[in-house]
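These are the residues of each chain, in order.
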Amino acid sequence: MKKILLSVFALLTVFVLTGCVEIATTTTTEVTTTTTSGTGTTAKVVMDLPDEEVTILFWHIYGSGKTALLDKFIDEFEAMYPNVTIESQSQSDYNTLREKINTGIGVNQVPTMALGYPDHFAGYVQAGAAYSLNNFIYSNIRYEVMDSTSTIAGEFVDVSLDLENFVPGYLAENNQYVGGQYYSMPYSKSTETMAINRTVVKQHVAAIRAAGIDVSDEGFFSHTTPLTFTQVQTLGTILLNDTATTDVANFQCGYLLNYDSSGNMFINMSRQFGAPYTNSAGEILINNDTTKSMLNYINAMFTSRTFVLPNQFGQLYGSTNFKYGDICMTVGSTAGVLYNIPTSLDVAANLKFGIFDVDFLQVPQPVATSGQAVTLSDGTTNYNFTGSLSSVQQGPNIGIFKNASTNEKLFAWLFIKYITSAENTALWAMDTGYLPVRLSAYTSDVLIQLTPTFSTTYVDFLSIATDYWTADGDVDWAATDERWDYLHSSMVANIAKNQALYYQYDPAFPAGSSSAGSATIRVEAGYCLENIYNKSKTPTQALAFLMNQIDW
Amino acid sequence: MAEVFVKNEKSYKVQKIISNVLTFSFLGAIAIVVLVPFYWMILTSLKSSTMIESIPPILFLKPSQWQIWNYKALFEIVESGPRAGQPLFPFFTYMKNTIVISIITTIGTSITTILAAFAFARLNFKGRDIVFAIIIATMMIPGEIFILTNFLTINKLGWYDIMNQSYSDAIFAMTLPFMTSVFYTFYLRQTFKQIPNELYYAAKVDGTTDFKYLLKVMIPVAMPTIITIIILNSMGAWSAYIWPAMVTTKDQFRLVSNGLRGAFTDSGSGRTDYGQQMASAALVTAPLLVVFFVFRKQIMRGVSRSGIKG
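Residues numbered from 1 in each chain as written. Chains lettered and ligands numbered in written order. Predicted model: local features only at pLDDT ≥ 70, side-chain atom pairs only at ≥ 80, totals over all residues.

## Quick look at the overall build of chain B
On a plain count of helices and strands, chain B comes out with 15 helices and zero strands. Relative to the globule expectation of 19 Å for 310 residues, the C-alpha radius of gyration of chain B, 26 Å, shows a markedly less compact shape. In terms of overall dimensions, chain B has C-alpha extents of about 80 × 75 × 35 Å along its principal axes. Here the contacts in chain B between residues at least 6 apart in sequence split such that 74% fall between residues at least 24 apart. (Helix = DSSP H or I, 4+ residues; strand = E, 2+ residues; numbered from the N terminus. Rg over C-alpha atoms; globule rule 2.2 N^0.38 Å. Contact = placed C-beta atoms within 7 Å.)

## Thoughts on the overall build of chain A
When you go through chain A residue by residue, the secondary structure sums to 18 helices and 20 strands. Relative to the compact-globule value of 24 Å for 552 residues, chain A shows a C-alpha radius of gyration of 26 Å, a close match. Judged by the C-alpha coordinates and their principal axes, chain A covers about 85 × 65 × 45 Å. Expressed as a percentage of its 552 residues, the buried residues of chain A come to 47%. In chain A, 68% of the contacts between residues at least 6 apart in sequence involve partners at least 24 apart. (Buried ≥ 20, exposed ≤ 12 C-beta atoms within 10 Å, placed from the backbone.)

## Looking at the environment of B:T93
By secondary structure assignment, the location of B:T93 is in helix α4 (residues 91-121). On the basis of neighbour count, B:T93 is assigned to the partly exposed category, with 17 C-beta atoms found within 10 Å.

## What to know about helix α8 (residues 182-193) of chain B
Relative to the 16 Å expected for twelve residues at 1.5 Å per residue, α8(B) spans 16 Å between its end C-alpha atoms, a close match to the ideal helical length. B:Y184, B:T185, B:Y187, B:L188, B:R189, B:T191 and B:F192 are the residues of α8(B) that are buried. (Expected span 1.5 Å × (residues − 1).)

## Comments concerning the confidence of the model for chain A
Close inspection of predicted coordinates is inappropriate for parts of the model with low pLDDT. All names here are of chain A. With 92% of its residues at a pLDDT of at least 70, chain A reaches an overall mean of 90. Of the regions scoring below 50 in pLDDT, residues 3-30 engages in 15 contacts with residues more than four places distant in sequence or in other chains. The model gives residues 35-40 a pLDDT under 50, and that stretch makes four contacts with residues more than four places away or in other chains. (pLDDT = per-residue confidence, 0-100.)

## Quick notes on the domain arrangement of chain B
Residues and elements named next belong to chain B. In terms of domain boundaries, chain B breaks down into domain 1 (2-73) and domain 2 (91-306). Between the C-alpha centres of domain 1 and domain 2 the distance comes to 33 Å. Contact with domain 1, which involves twelve residues of that partner, is made by eight residues of domain 2. Counting only elements with at least two residues in the side of domain 1 that touches domain 2, the list comes to α1 (2-45), α2 (49-53) and α3 (69-73). (Domains from an automatic or database assignment.)

## Some thoughts on the environment of A:A210
Residue and element names in this part refer to chain A. Positionally, A210 belongs in helix α8 (residues 205-210). On the basis of neighbour counts, which here come to 10 C-beta atoms within 10 Å, the residue A210 falls in the exposed class. Sequence separation between A210 and P364 is 154 residues, and the spatial gap between their C-alpha atoms is 20 Å.

## Here's the deal with the sheet that holds strand β5 (residues 113-116) of chain A
Taken together, five strands build an open sheet; the order of strands is β4-β3-β5-β17-β8 (chain A) and the sheet is mixed. Single-partner strands in this sheet number two, and they are β4 (84-90) and β8 (185-186) of chain A. (Pairing = 2+ DSSP bridges.)

## Let's talk about the domain arrangement of chain A
All names here are of chain A. You can read the domains of chain A as domain 1 (28-188 + 395-432) and domain 2 (190-394 + 502-550). Using C-alpha coordinates to define each centre, domain 1 is positioned 36 Å away from domain 2. When contributions to the side of domain 1 that touches domain 2 are tallied by element, the ones reaching two or more residues are α4 (118-126) and α6 (168-174). Of the residues forming the side of domain 1 that touches domain 2, the biggest block, six residues, is contributed by α4. Looking at the side of domain 1 that touches domain 2 residue by residue, the classes come out as seven nonpolar, five polar and two charged. (Nonpolar A, V, L, I, M, F, W, Y, C, P; charged D, E, K, R; others polar.)

## Some details on the interface of chain A and chain B
If you look at the interface, chain A gives 38 residues, while chain B gives 32 residues. Breaking the side of chain A that touches chain B down by element, the ones donating at least two residues are β3 (54-60), α2 (64-80), β4 and α3 (94-105) of chain A. Broken down by element, the side of chain A that touches chain B gets its largest block of residues, seven residues, from α2(A). Its residues assigned to classes, the side of chain A that touches chain B shows twelve nonpolar, 19 polar and seven charged.

## Focus: helix α11 (residues 289-303) of chain A
Taking 1.5 Å as the rise per residue, α11(A) with 15 residues should run 21 Å; its terminal C-alpha atoms sit 21 Å apart, in good agreement. Check the buried side of α11(A) and you find it contacts α10 (262-273), β11 (307-308), β14 (372-377), β15 (382-387), α17 (518-533) and α18 (539-550) of chain A.

## Side note on the nonpolar core
A:I56, A:L256, A:I298, A:F411, A:A412 and A:F415 are the most contacted members of the largest nonpolar core, which has 168 residues in total. A total of eight residues in this core trace back to one element, the largest contributor, which is helix α13 (residues 406-419) of chain A. When sequence neighbours within four positions are dropped, the list of residues in contact with A:F411 reads A:V54, A:I56, A:Y81 and A:V84. Membership of the second largest hydrophobic core comes to 19 residues, among which are B:F118, B:F192, B:M218 and B:I229. (Core = buried A, V, L, I, M, F, W, Y, C linked by C-beta atoms within 7 Å.)

## Here we look at the confidence of the model for chain B
Residues and elements named next belong to chain B. Summarising the model, chain B shows a mean pLDDT of 86, and 93% of its residues fall at 70 or more. Ranking the elements of chain B by mean pLDDT puts helix α15 (residues 296-306) last with 67 and helix α7 (residues 167-175) first with 95. This complex was scored by the predictor with a pTM of 0.83 and an ipTM of 0.76.

## Some details on the packing of α17(A) against α18(A)
Residue and element names in this part refer to chain A. At a minimum axis separation of 9 Å, α17 and α18 run at an interaxial angle of 160°. As judged from the angle between their axes, α17 and α18 are roughly antiparallel. Seen along the crossing, α17 lies across α18 with a hand that is right-handed. For the pair formed by α17 and α18, the contact residues are T520, I521, E524, A525, C528, N531 and I532 on the first element and P539, A542, L543, F545, L546, Q549 and I550 on the second. Classifying every residue of the contact of α17 with α18 gives ten nonpolar, three polar and one charged. (Axes fitted to C-alpha atoms, helices over the stretch in contact; angles between N-to-C directions. Parallel < 35°, antiparallel > 145°, perpendicular 65-115°, else oblique. Left-handed = near helix turned anticlockwise from the far one by under 90°.)

## A word on the packing of α4(B) against α7(B)
Residue and element names in this part refer to chain B. The geometry of α4 relative to α7 is characterised by a closest axis approach of 10 Å and an angle of 50° between their N-to-C directions. As judged from the angle between their axes, α4 and α7 are oblique. Like other packed secondary-structure pairs, α4 and α7 cross with a definite hand, here right-handed. Facing V100, I101, I104, T105 and G108 of α4, the residues of α7 in contact are I171, M174 and T175. Across the contact of α4 with α7, the residue classes tally to five nonpolar, three polar and no charged.

## What about the pairing of strand β10 (residues 255-259) of chain A?
Residue and element names in this part refer to chain A. Extensive coverage of β10 is indicated by the burial of five of its five residues. Bridge count between β10 and strand β12 (residues 327-333): four bridges; the pairing is parallel. When the bridges of β12 are listed, Y255 appears paired with I327.

## Some words on unusual backbone geometry
Residues and elements named next belong to chain A. Backbone geometry at F251 places phi at a positive 50°, although glycine is not the residue there. Structurally, F251 can be placed in the loop between α9 (229-239) and β10. One non-glycine residue, R305, adopts positive backbone phi at about 65°. Tracing the sequence through the fold places R305 in the loop between α11 and β11. Here R305 falls in the buried class, since 20 other C-beta atoms lie within 10 Å of it.

Structure below.
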C-alpha cells in the first residue's frame, strides 16, 4: 500500500512539475533600451524574434462571407512572420465551438486561440484552460525581426498593447474575470440601435415640436442625444393609432417601439434603471425593488402599445413588421441593420407606407446624463430612480489557451494585435458590418474596396451619413451614387460610435452549483418579459418565475 | 327474409362507406401532417427572403415566382481573394463525406451485427444468455452518455489530434463507435432464431462449417431483415449530427448535416438565410427519397415485421 501511495505521489509530482515547466526557446540576444510612451518611460528588453516553425490553430465560426478578409489578414501576417502558419478553421456555430473546446480541455485538445463569447471564456477560465493576456499586454519585451524574408525585416515589434486606444466598454467586458485579468480581447463587436420610420415622423413634425421635442423639417431627431423614455411616451401620443392597427391615412402605427431581443431589453433597462442584475462573480441580484418597479413600468408600456415584442406578430425580430408599417420604431442589432430597410424586393402590398425613409437613432435612455434622478410615469403610477445611460455591447472576443507552447502563444498574441490594429479593425468593420474595437479606427484613412468601383476610408464612410443628416436628407448625390448603398450602414456606424461612450456589458460566468450561467439567465430574463407581454404572468409572478428558473 | 337480407346488405354498405370515409380521412390527415414539412421545405427553398418573411405566409408559388437562385447559390464559386476557385458552400465535399461515412458505417454495422446475432442465436457457449442480457441492458442507457467515453477512446487512439487530424483519422473517428448496434443485433438474432434448428443440424451432418452455414443459409433466409437494417442504419448515418461535429476538426471533413447547421446563419445578426438552407436541405433529402422509393418494399416489409421506423 505504501509503495502504491509513493508511486502515485511520485507520478503526481512529475505531472505537476512538467505542467509548470515552459521551455523558453527564444532568447539569443538581450539588450535593454529605454523608450518613452504616452504613459511614461518604460525599459524595454530587446530580443531576437523566435524563428522556430510555429503553427497556430485558430477556431472561429465565420462562414465564407467573412473568411475572405480574415484569410487576407492571415496571409499578410504570415508574410510578416514567415516561420508562422495560421490554420483558420470554422467550427460551424458558437455552441459547437464551445462544446468542442470544453470537451477538448479534458484531453488537452484545444486550439491555440479561439473566438468566443464572454461566458465561453468565463468557463475556460474556470477550467484553468484560458491564458491571461496580461502577460503580453504589460510585457516589456521588444522583438527584432531578424528573418530577411519577412515583410517587416529589421523592424522592432513590441509585445505590449496600448489599451487606451480601445473602446472602454469592450475592455471592461474582457477583464471582468478573476483577478481583473484579460483573458480575451474584443474582435467582432456589435451593439443595438433604433431604426425609426422617418416618413411617418415627417408628417407629425409640428405636433412633435409642439410637444417640446427637437425634430428637423424632414423628420430627423438628434443623432448625438438619445430620446428619453418620457419623450418616447410623448411620441406615442402622436404616432400611435387609437387601435392596434396602422392608420395609413393619418400616418400612425399600431405599435410604437419594438425591442428585438427581450433578453437585451431586460438587461439594458436594468442598467438604465440602476437595478442590480448579476455580477461576474456569478451572484444573481435580480430580485430587488428597482427591478420590480422596472417590470411594472415595462408592463404599463406594453399595455399602452408604447413597447412591443416580436412575439406580438409571431416573429423572432421586429424588422418585418417595421417594414410593413405596423411598428414605427425598432431596436435591434447593428449587424442586422439592412433587414429594417423596405425595398422593391418586398411584397408591395404588405408595405403599408410603401418604401419609406428610415433613420437610425441611439437607443432610448431614461436620462440625458448618467446619475440624474428621474421620474417616469405611466399615467397612474410614478417610477422614481437614478437613471444611467446604457447600451448593450455584444459579439465575440478572441483568447488564447494555456496548453499552447510559449512561441505559439506569442505569435497568437501578435496575430490578435495585428487583426485588431486600427487599420484592420476598420477594414473588418466596413467589410462585415461589425464595429471597430479601437477608437482610433474611427479616424483611419486606410482605403477599403467595398465594390469593384467604390473605395472609401472609414472616415469617409462615416461622413456618408453625417453629410446626409447635415443636409437634412437633401443631398445632391446622383441616383447611381454608391453612397446610397452604404447610407444606412454609415448611419448605424455613427450611432454606434456615439453610443460607445456608454456601452455596458453583461457579466459573464458559467453555471454553478446553485445558479444558472449568465447565458441562461439572459434567456430566462427574456422569457420573463415575454411572459409579461403575453399577460400570462403579472410582473411579480414573472420575476418570481425567473428567479425559480435560475436560482437553484 | 329477402327484405331483411337487402336491409342488412344496405346497412353493411353504408357501414362500409362510413368506415372507408373515416379511414381515408384519417389517413389523408396523417399524410398531410407527414407531407407538409416536405412541401414547406421545397416551398421555402423557392422563396426569396422577403417572401419568407411575408405575413400572412405565402402558401403557394407560381413557377414564374420560383427563386431558383437559392439552389444556384449552393454551387457558387468564390471569384477572388485567398479562397478564389473554392465553392462558397462546399456542398459536394459534405455530400462526399456523408456518403463515405454512411457506406463505411453501414458495412461495419452489418458485419458486426450479423456475426453477433449469429453467435447469440446459433452458437452455444458458456454464459451466452447472460452476456446477451448485459448487452441488451445497455440499450437502457441514452446514447448521449456514451459521447464522452467514445470521445476519450477516439482521442486515445490518436484520431482526434486537432493539430494534425487527417482525413482517414476523421473517417475512423466518425465511424468506429457506430459500427455496432445492440438493437440491430437483437433484431437480427430474433430473425435467426426463427430458422429451424433442423437446417443447422442437417448442414452439420453434411460437414458445413458454422461460417459457411451463416453465409449460405442464414443470411439468405434473413435477407429482408438485413436489408432493413442496412437501410435504417444508412439513414441514421446520413442524418448523424452531434458526433461528426464533435470529432472532426476541419470544415472539409464534416458531413452535410453539420454544414447545414451554421453555413447559412449570419454570425453577426444571428439570422438564417432559410431559402438557401432549405434548398440545401432539399438536395440532401433527395438521395434519401430515391433510396426510399427504390427500396420501399423492403423498408415496408421491415417496418411491418419489426414495428419500427427510421
